[in-house]
Amino acid sequence: MSHKRIPKRKAAIAVGGVAALGAAALLLPQANASQDGGARGGASTARTLKADDADDLAARLSKLLGDAFAGSYYDSANRQLVVNVTDVSGDNNVIVQAKKAGAEVRQVDNSTAELQAAARTLRTKATIPGTAWAVDPRTNKILVTADSTVTGTRWDRLESTVDGLGSGMATIKKSAGTFKTFVSGGDAIFGGGARCSLGFNVTAGDGSPAFLTAGHCGVAAEQWSDAQNGAPIATVDQATFPGNGDFALVKYDDPNTQAPSDVNVGGGQSVQILRAAEATVGQQVFRMGSTTGLHDGQVLGLDATVNYPEGTVTGLIQTDVCAEPGDSGGSLFTQDGGAVGLTSGGSGDCTSGGETFFQPVTTALAATGATLGDAGAGGGQQAGGDQQAGDGQQAGGDQQAGGDQQAGDGQQAGGDQIGGGQEAGAGAGDGSDGPGAADDPSGADASNGQAPGTGHASGTGNAGRSGRSGLTDTH
């Protein structure tokens, strides 16, 4: 099967030229706002920067400042990088160097080492399902989030652990929802009774065309199709969940598959993905999902730890972008074409809001040996560089990058949820305490293990058809 369904009737629009996309109008407000510049005037020497440039500057300053560096974040309102420094014992040279480099500098109490030590304490003493934590450089504290299931003795244990970290080290936020994985994304894919979504097209280490999706999708089923009950088109090569990430590399079965580097943003249009990008706290990001369509928000924290019922996942990106069941594996990206993350899970929904966590794309690429770009036959793309759909092809139709596959004829990402679509839980929930078909027309989620407390040693999953896993019991 040659996977080439990329009709020319849909245009692959250039990033920055996005227009008339309905929900994608969210891409417009800062289209021309983040331009490099000099000092903003007055006494400040901080330069105006794009978010990606701010991330690069932060990396350089982290090395330059050494132990004095206590994190950084992007001030999107002023388009500046804010760098935290600890007490430099009268050595003003540290601050001078940071300011000369173009950053806004502020002195804080908690060092990076102290915050990391506090996070390790939380991991040891408060690994409780329904909790998460990440360093928030804007407050110079660890932000601990507890979902609605953390009550009674579990809440007491969490609160006691946070108090034990010391004053001014961490804060606790209560979430009204329940932490769970969100299965599906930019465009729908199907496997083993589960419905997930493709995140970004990539090239595997052996040069074959492949895509990235959520790891809990990869452990839910080995083979995936672009249509419900359709013939498989791709096979899982690697999958990680839970543990050090939530990502899977899935190789297309046809080595001649042409898979352009785009994200389907609905309305027959797509956004070109040009590179993998690191997330920066304060940065504006966009998420595409087959259930809820296009939404935007900000990065709240990095290197987040999330304690799902299935197990603990580390190294995630925390955001305030909403998501719902059916959105897992989907694309998190920037306005200027940076592939940032893969939808993992969180709490809340796109009506009331909530927290959502994402697997960093850069980490997934490094772990799997894959690269963005050159997805196989005649793509005319270069791995790690600027990518274009080869042979004059345009993203759209039934195959679009960043969500490369759609279930059924004429279904578009961000549209109606597919009847009979099932959601992968990939975890150890008993599937009995959920509302069944509350949001999923079939009411079926794939879960990796059907008994409470079971593990993930097999790396494969079975369709859980009696209800939702512990991660999806509120949707």
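First things first, this report covers the structure right here in the doc. Please read these numbers as outputs of a predicted model, since none were measured by experiment. (Residues numbered from 1 in each chain as written. Predicted model: local features only at pLDDT ≥ 70, side-chain atom pairs only at ≥ 80, totals over all residues. Heavy atoms only, no water.)

### Concerning the layout of surface pockets
- Within this model, the largest pocket holds a volume of roughly 910 Å³.
- Element by element, the count of residues in the lining of the largest pocket is highest for helix H3 (residues 112-125), at six residues. (1 Å grid on protein atoms, 1.4 Å probe; cavity = no way out; pocket = protein on both sides within 12 Å on 5 of 7 lines; lining within 4 Å. Points joined across faces, edges and corners; volume = space filled by probe spheres on them. Helix = DSSP H or I, 4+ residues; strand = E, 2+ residues; numbered from the N terminus.)

### Things to note about the state of the cysteines
- Taken as a whole and assessed by the stated rule, the structure comprises two disulfides.
- Sulfur-sulfur distance for the disulfide between cysteine 196 and cysteine 217 comes to 2.2 Å. The disulfide joining cysteine 196 to cysteine 217 has a torsion of about -95 degrees about its S-S bond and is therefore left-handed. Taken as a pair, cysteine 196 in strand S10 (residues 194-197) and cysteine 217 in helix H5 (residues 215-218) lie far apart in primary sequence, 21 residues in all.
- Using a relative accessible area of 0% as the deciding quantity, one classes cysteine 217 as buried.
- Taken N- to C-terminal, the disulfide-bonded cysteines of the protein chain are connected 1-2, 3-4. (Disulfide = S-S within 2.5 Å. Buried < 20%, exposed > 50% of the residue type's maximum accessible area, 1.4 Å probe, protein only.)

### Remarks on the packing of H3 against helix H4 (residues 152-164)
- Two numbers describe how H3 lies on H4: the axes approach to 10 Å, and their chain directions differ by 155 degrees. Judged by the angle between their axes, H3 and H4 are roughly antiparallel. Here H3 and H4 pass one another in a crossing that is right-handed. Contact with H3, carried on its side by Thr121, Leu122 and Lys125, involves Arg157, Thr161 and Val162 of H4 and no other residues of that element. (Axes fitted to C-alpha atoms, helices over the stretch in contact; angles between N-to-C directions. Parallel < 35°, antiparallel > 145°, perpendicular 65-115°, else oblique. Left-handed = near helix turned anticlockwise from the far one by under 90°. Contact = heavy atoms within 4.5 Å.)

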